[in-house]
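Chain by chain, the residues run as shown.
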Amino acid sequence: VMVRSDNPADGQLWPAVFHAHPRATELAPKQEPSEIFVPSTCSIRQMASLAKVASSRVKHCDLHETSPWVVTAHHDGKVKVLDCATREVIFEHAVSEAPVRCAKFIERQGWIVCGDDGGRIYVLDARSGETVSCFVAHSDYIRSLDVHPSEPLLLSAADDKVVKLWNWAADWECVRTFSGHEHYVMHVEFSPLNPSVFASASLDTTAKIWQMDSESAIATLRGHSKGLNWVSFVSRGDKLFLITAADDAELMVWDFATEQLVCALEGHTANVSTVGHQPGNDVVLTGSEDGTVRLWNVADWALAGTMELGLQRCWAIGMSASTGSVVAGCDDGAVFFDLAADAQNAAAKL
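What you see is a predicted model, and the numbers here were worked out from it, not measured in a lab.

Asker: Residues and numbers for the overall build of the chain, please.
Answerer: For the chain, the count of helices and strands is 2 helices and 31 strands. Taken over 350 residues, the chain has a buried fraction of 56%. Taking all contacts inside the chain whose residues are at least 6 apart in sequence as the whole, residues at least 24 apart take part in 44%. A total of about 14000 Å² of accessible surface is found on the chain, and carbon and sulfur atoms cover 47% of it.

This is how it looks when you write it as C-alpha cells:
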C-alpha cells in the first residue's frame, strides 16, 4: 500500500509503515499497490493487511463480532462466508436464482439472514449454510435487513416501498408494516443508542425516522437532489447523527436531535452506495460507484483519505466493532483491510 501526502513539499509516493498479516502475501495474489490519499493534517487510523479476493459482484457484506468471519451476498444468488484472516471460503451456498442483495449474521441464534429479488427471506445456519427457514416477505426486491441488538426482531426494506418488522421467536410473524415512502426503500438501520428507533433511506430522495411501535414516520429528512441509497447512525460521544448517501454523489450529515442538516460531504464523483461505521469508531467509511472508499473524521467531518479499490464499483462496506476489520464489496470481488485501534500511534507512524 502506498500513501500520497497532500503536502506539496513531499511531491512523492512513499510506503506506509503497516503491520501486514504474516500470511497476507502468501494468500493474496500479487497486486499493484493500492493508493491511499492521506491529507497531512488527518488522524487517519492505521490500515493493514490490505488484500483483494476476486468473485462475482458483492452486493452486501457483514462481519461477525465474535468469530473472524464475513458473510457476503452476491448478485448471482450466492451467499458466502469467508475467514477474514486467511480470506479462505468457509462455505458458499447458492441460495437463489435471483440476486441476493443483503445478508446479516444473527449471532445469538447462529444464523445468517438474507433477502433476494423474489422478495424472499432465507434463514441459514451460519456454520454449514444449510437453509433453516424461508418465507416470502415482500412483493419485490429486498434491499436491506437489520437485526435488533437484543430483541428477536428483524427489519426488512424492499422495492415495494415498505419496511416490515419480523419476530423470529413467533415463527417469523410480521409484527408491523411501515408505509410512507414513495419509491424503493434501499436501506434500513436501527439506532445504536435507542434501538426502538430506526431510519430508512429511499429513492424518493428522503430518509425517514421511525418508532417501532408506530406505522407512521416521526420525521422526514429532505436535502438530496437524487435518490438515497443508504442511511447510517453515527455517534460522537453521546451525540447522535445520521449520514445519508445518495445518487447525487453527496453525503449529508444530520443532527438526529434537531433533524437539521449539519454539513454535506463532497468528494465522490458518482453515486454513493454505502456507509460503514461502528459505535466508538472515530472514522466513517463511504463507498461509491466511482470505485473508491473514502474515510471521514467524525470529529470534524473532514476527509481523512481515499482508497482506490481497483475492483470497479463499490456497493457495500462491512465493519467489525471488536476487531477493526473492514470488508468492501465491489463488482469484481472484495477488499479486506483493518483499522487499528490506536489512531495517534498510527498517525505518528504515517
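Text resumes after the structure shown.
Asker: Any details on the side chain of Asp290? Residues and values, ideally.
Answerer: Within the secondary structure, Asp290 sits in the loop between β26 (283-288) and β27 (292-297). Buried and unpaired, Asp290 has no salt bridge, with Arg294 as the nearest side chain of opposite charge at 4.4 Å. Among the polar contacts made by the side chain of Asp290, one reaches the side chain of Thr292 at a distance of 2.7 Å. Ignoring anything within four residues of it in the chain, the contact list for Asp290 reads His268, Thr269 and Ala270.

Asker: Provide a residue-level description of the pattern of salt bridges, including the pertinent values.
Answerer: Taken as a whole, this structure holds 10 salt bridges when the rule is applied. Between Lys80 and Glu92 there is a salt bridge, and its shortest N-O distance comes to 3.9 Å. Placement of Lys80 in strand β7 (residues 78-83) and of Glu92 in strand β8 (residues 89-94) is noted, with a sequence separation of 12 residues between them. For Glu92, a relative accessible area of 42% corresponds to the partly exposed category. Close ionic contact of Asp159 with Arg143 constitutes a salt bridge, the shortest N to O distance being 2.7 Å. Of this pair, Asp159 sits in the loop between β14 (153-158) and β15 (163-167) while Arg143 sits in strand β13 (residues 142-147), placing them 16 residues apart in sequence. With respect to burial, Asp159 and Arg143 carry one shared label: buried.

Asker: Explain the environment of Leu295 to me, and be specific about the residues and the numbers.
Answerer: With respect to the secondary-structure elements, Leu295 resides in strand β27. A residue is classified by how much of its surface remains accessible, and Leu295, at 0% relative accessible area, is buried. For the pair Leu295 and Thr306, spaced 11 residues apart in sequence, the C-alpha separation works out to 6.3 Å.

Quick notes on the rules
- Residues numbered from 1 in each chain as written.
- Predicted model: local features only at pLDDT ≥ 70, side-chain atom pairs only at ≥ 80, totals over all residues.
- Heavy atoms only, no water.
- Helix = DSSP H or I, 4+ residues; strand = E, 2+ residues; numbered from the N terminus.
- Buried < 20%, exposed > 50% of the residue type's maximum accessible area, 1.4 Å probe, protein only.
- Contact = heavy atoms within 4.5 Å.
- Areas by Shrake-Rupley, 256 points an atom, 1.4 Å probe, with all protein chains shown as cover.
- Lys, Arg positive; Asp, Glu negative; His and termini not counted.
- Salt bridge = Lys/Arg side-chain N within 4 Å of Asp/Glu carboxyl O.
- Polar contact = N/O pair within 3.5 Å; in protein donor to acceptor, adjacent residues only side chain to side chain.

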